[in-house]
Amino acid sequence: MNETLPQHDIVVLGAGHTNAHIIRMWRMNPIPRTRLTCVSDHNIATYSGMLAGTLAGQYEPADMTIDLVRLCASCGVRLVHAKATGLDLDNRRLLVEDRHAVRFDLLSIGIGSRPAIPATCSNGLSIKPMQTFLPRLRRTIENCLARETDEKLRIAIVGGGAAGVEIVCCLQEFVRHHFATMKPPKFMLLDAHSELLAGMPRRTQELAARELAKRGIQIKSDTRVVAVEDDSKLVSENGESVPADITIWATSAQPAPLLSQLGLPLDERGFLATRDTLQCTGAENVFAVGDAGSVESEFYAKAGVYAVRQGPVLWTNLRRKLSGRQLEQWKPQKKFLSLVGTGDERAILTYHGLSLHNQWCWKIKDRIDSRFMAKYQQYEPPAMMGKSDDSPEELDTAMQCGGCGSKASAGVLRETLSSLAQSHREHVLMGLDSPDDIALIANSSSGATAVSTDFFSAFVDEPYLLGRIAAQNALSDLFAKSASPRAALSMAILPPGPEKQQSNLLDDLLAGAVREFEGADVSLVGGHSIVGPKLTIGFTILGDANPAEVAKKSSVAAGDRLVLTKPLGTGVLLAAHMQAACRAEWWGPLVESMLRSNQPAAEDSRQYGVSAATDVTGFGLAGHLREMIAPVDLASELSLSALPFLPGVVELLENGFSSTLAPSNRDSVCDVMKIPEALSAGPTSVLYDPQTSGGLLLAVSESKIDGLIRALDSEAWVIGRIIDSAQQRAEIRILP
Ligand SMILES: Cc1cc2nc3c(=O)[nH]c(=O)nc-3n(C[C@H](O)[C@H](O)[C@H](O)COP(=O)(O)OP(=O)(O)OC[C@H]3O[C@@H](n4cnc5c(N)ncnc54)[C@H](O)[C@@H]3O)c2cc1C
């Protein structure tokens, strides 16, 4: 399927209540010729309405979580997992940590707020970021318990609003559930106001106070905490000192520090000042939504109910702004239903003067929250698949995996290379006569020039990240042969589209690549770019090599142990990602693995004098192993239980996911594979999984193996051995 670059870029910063609506709408009705990018500091988003229920064990953590990797993949939205750090308004660029800036035509800032914590109270647990609150809480309690004192743990919650009341009630359940053997802690709720739930009807306040009293939770009103002394004493404005082992901050919303660094006008509390169209007063093409923005003409609290209602208005206004139409105005709703869960299948309801606390109220809360979340937890494959009118062949092409999964199969290459009529030339020390990861060309000085090329079609939609992975993938061949890369030439196919977009795309791709090349002391010295149907990027790498030090693939010896330096499964994970099935918790380790340079492992392997080395890429582990043993008529054993897998790989293989290249990889080695029937089909298919920027496969003699493994530290797995088998040449025998 042909790609075209968009005319416009919309960027949503933060995937909170308002911006998440835009992502969801994109699946149903994307704006033509426009790309939507979500920049988020976490690759999951959490729903505050369910946090307390999750603490109480009424929900699983997954119930309150939106998986942004899957949601964005499913909606056709580019996800940039990075923390925003600033704004270059003149050039319409959002500055992000550890990444190239993200360009936008329209930007919606929705980074929420954080609890107000006095500067003198740096310790304690903040409710935000909510994505990490539960593990932080658990760790903190465990650390306190490790102190082994007979005293009851004192847990203080600062902030007696709806969030604080919910948290303190549900925290009791959390402790009962997760720390059953611990003495019941002493809970306190501290608030600056004279009443709990300030601003709520008196009857609601009484219901809450009664519930807390029933549970033995001490309420300390008129207590504005201004400092923490000795890590264990909360000091109030009026000088009172309250001892606490754990302090949880659930105070009222204050602006994130970033807001004051954007160069945009702020309201008196420090939130971004906006018009009723949600546009920032200082920039027509920047919107501020949810807690991060404040409509100047209105006064309303920082609450999710407003952020949710802003979603449809923002959606309309983004479309209208792009087409030059008049924008819609947002008005905060006058009244809203408030529901505060108490962790015991009951909730306190407040609506139109009505205040109730019972199970029925919890059922309403549960239904509203669950329905809301269900809308954001639909991760069906991108609409293109299955819905297209394309012919089956076109669909096949559309769904072809990218990365090394888009490589031509080993069979195609073998056939072509063996029939090439080419004269032998003395200066080609390693070429197609003995195919390896690189070619070696003799040069006039003592050594040789090492050359290798690698490119693939795009498999992630973030060009900066793609450039980084493509660079590491290309460098890997030289590292595998102990060569020193020196220079790189790029090869890029850019989809048709506006010139500005093409230049932005190339800029991002090459900036990502140069970052990796800099780390390897390699200069990008040239390249070639053309316009074509599908984004493709790769590099030719030139370097220096000492032919005597090059560990050829085929210099394996019987008895050598086989070592792998990265876990397997990039192909199946990327294939799952194309179908919006790669979870956020799997995506992070996958990206980290693809970005990990093979250089340190290559240096260790040179130092320990490995017999043979290659990098595992498109042909999968079995295919690359075959290339090692076939030319020298040796066989090998691989132990399935010793193979390292990236997180999620086993589950995906067992559920039938695989890369499009896996079947031809399997066909290319099926004549040499010997797999006992008893071994499960699922995990064994990882042997054919094409790897993008995979690890090194090293063959090393028994005498050197311990030293090498020690040097490689935790990044190496002994997965099998080379065996001499006159009868079973090139066989790959799989052991349990
Ligand atoms: C415990 C608790 C319970 C609550 N219950 C309710 C309730 O029942 N009803 C109600 O109306 N309100 C409730 N609220 C308030 C409600 O959570 C907020 O008003 C609402 O979440 C605001 O939505 P938002 O979209 O502005 O931001 P958020 O939902 O906070 O989302 C902001 C997103 O931006 C991301 N982000 C932050 N900084 C950056 C950065 N620099 N770069 C990139 N990404 C960034 C964050 O990771 C986050 O995903 C509750 C709050 C708490 C703390």
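Residues numbered from 1 in each chain as written. Predicted model: local features only at pLDDT ≥ 70, side-chain atom pairs only at ≥ 80, totals over all residues. Heavy atoms only, no water.

Caption draft 1: Layout of the overall build of the protein chain. Within the protein chain one finds 21 helices and 39 strands. By the compact-globule yardstick of 27 Å for 736 residues, the protein chain fits well, its C-alpha radius of gyration being 30 Å. Reported as C-alpha extents along the three principal axes, the dimensions of the protein chain are approximately 95 × 65 × 50 Å. Looking at the protein chain as a whole, 54% of its 736 residues qualify as buried. Looking at the protein chain alone, contacts between residues at least 24 apart form 75% of all its contacts between residues at least 6 apart. Taken as a whole, the protein chain presents about 31600 Å² of accessible surface, with 50% of it coming from carbon and sulfur. Here the protein chain holds 72 positive side-chain charges and 84 negative ones, and the gap between their average locations is 7 Å. (Helix = DSSP H or I, 4+ residues; strand = E, 2+ residues; numbered from the N terminus. Rg over C-alpha atoms; globule rule 2.2 N^0.38 Å. Buried < 20%, exposed > 50% of the residue type's maximum accessible area, 1.4 Å probe, protein only. Contact = heavy atoms within 4.5 Å. Areas by Shrake-Rupley, 256 points an atom, 1.4 Å probe, with all protein chains shown as cover. Lys, Arg positive; Asp, Glu negative; His and termini not counted. Charge placed at Lys NZ, Arg CZ, Asp CG, Glu CD.)

Caption draft 2: How the structure looks around the sheet that holds strand 16 (residues 233–236). Pairing is antiparallel across the open sheet formed by three strands, whose spatial order is 15-16-17. Looking at the sheet topology across the chains shown, the edges are occupied by strand 15 (225–229) and strand 17 (241–243). Averaged over all pairs of adjacent strands, the angle between their axes in this sheet comes to 30°, without regard to strand direction. Alignment of strand 15 against strand 16, held across four bridges, turns out to be antiparallel. If you follow Ala-227 over to strand 16, its bridge partner there is Val-235. (Pairing = 2+ DSSP bridges. Axes fitted to C-alpha atoms, helices over the stretch in contact; angles between N-to-C directions.)

Caption draft 3: Local environment of the packing of aromatic side chains. Following the criterion strictly, the structure yields 11 aromatic pairs and no others. Seen from their ring centres, Tyr-47 and Phe-372 are 4.9 Å apart, and the 40° between their planes marks the pair as tilted. With Tyr-47 in the loop between strand 3 (44–46) and helix 2 (51–55) and Phe-372 in helix 8 (residues 359–376), the pair connects residues that are 325 residues apart, well separated along the chain. In this structure, Tyr-47 and Phe-372 share a single accessibility class: buried. Between Tyr-306 and Trp-330, the aromatic rings sit 6.4 Å apart at their centres with planes inclined by 85°, giving edge-to-face as the arrangement. In this pair, Tyr-306 sits in helix 7 (residues 304–322) while Trp-330 sits in the loop between helix 7 and strand 24 (338–341), placing the two residues 24 residues apart along the sequence. Of the two residues, Tyr-306 and Trp-330, both sit in the buried class. Counting every residue linked through ring pairs, the aromatic cluster contains Tyr-300, Tyr-306, Trp-330 and Phe-336. We note Arg-24 situated over the ring of Tyr-376; from NZ or CZ to the ring centre the distance is 5.4 Å. (Phe/Tyr/Trp six-rings, centres within 6.5 Å; stacked < 30°, edge-to-face > 60°. Lys NZ or Arg CZ within 6 Å of the ring centre and 35° of its normal.)

Caption draft 4: Up close: the domain arrangement of the protein chain. Once the domains are mapped, the protein chain shows domain 1 (8–113 + 255–376), domain 2 (125–253) and domain 3 (552–736). One C-alpha centre belongs to domain 1, the other to domain 3, and the line joining them spans 43 Å. With both chains or domains summed, domain 1 and domain 3 bury close to 600 Å², and 64% of this area falls on carbon and sulfur atoms. Looking at the side of domain 1 facing domain 3, the largest losses of area belong to Val-69, Arg-70 and Ala-73, adding up to 67% of the total buried there. Linking domain 1 to domain 3 there are zero salt bridges. Connecting domain 1 to domain 3 are three residue pairs in polar contact (both at pLDDT 80 or more). If you tally residues by element for the side of domain 1 that touches domain 3, the top one is helix 3 (residues 68–75), at four residues. Per-class residue counts for the side of domain 1 that touches domain 3 are three nonpolar, two polar and two charged. (Domains from an automatic or database assignment. Buried area = accessible area lost by both parts, 1.4 Å probe. Salt bridge = Lys/Arg side-chain N within 4 Å of Asp/Glu carboxyl O. Polar contact = N/O pair within 3.5 Å; in protein donor to acceptor, adjacent residues only side chain to side chain. Nonpolar A, V, L, I, M, F, W, Y, C, P; charged D, E, K, R; others polar.)

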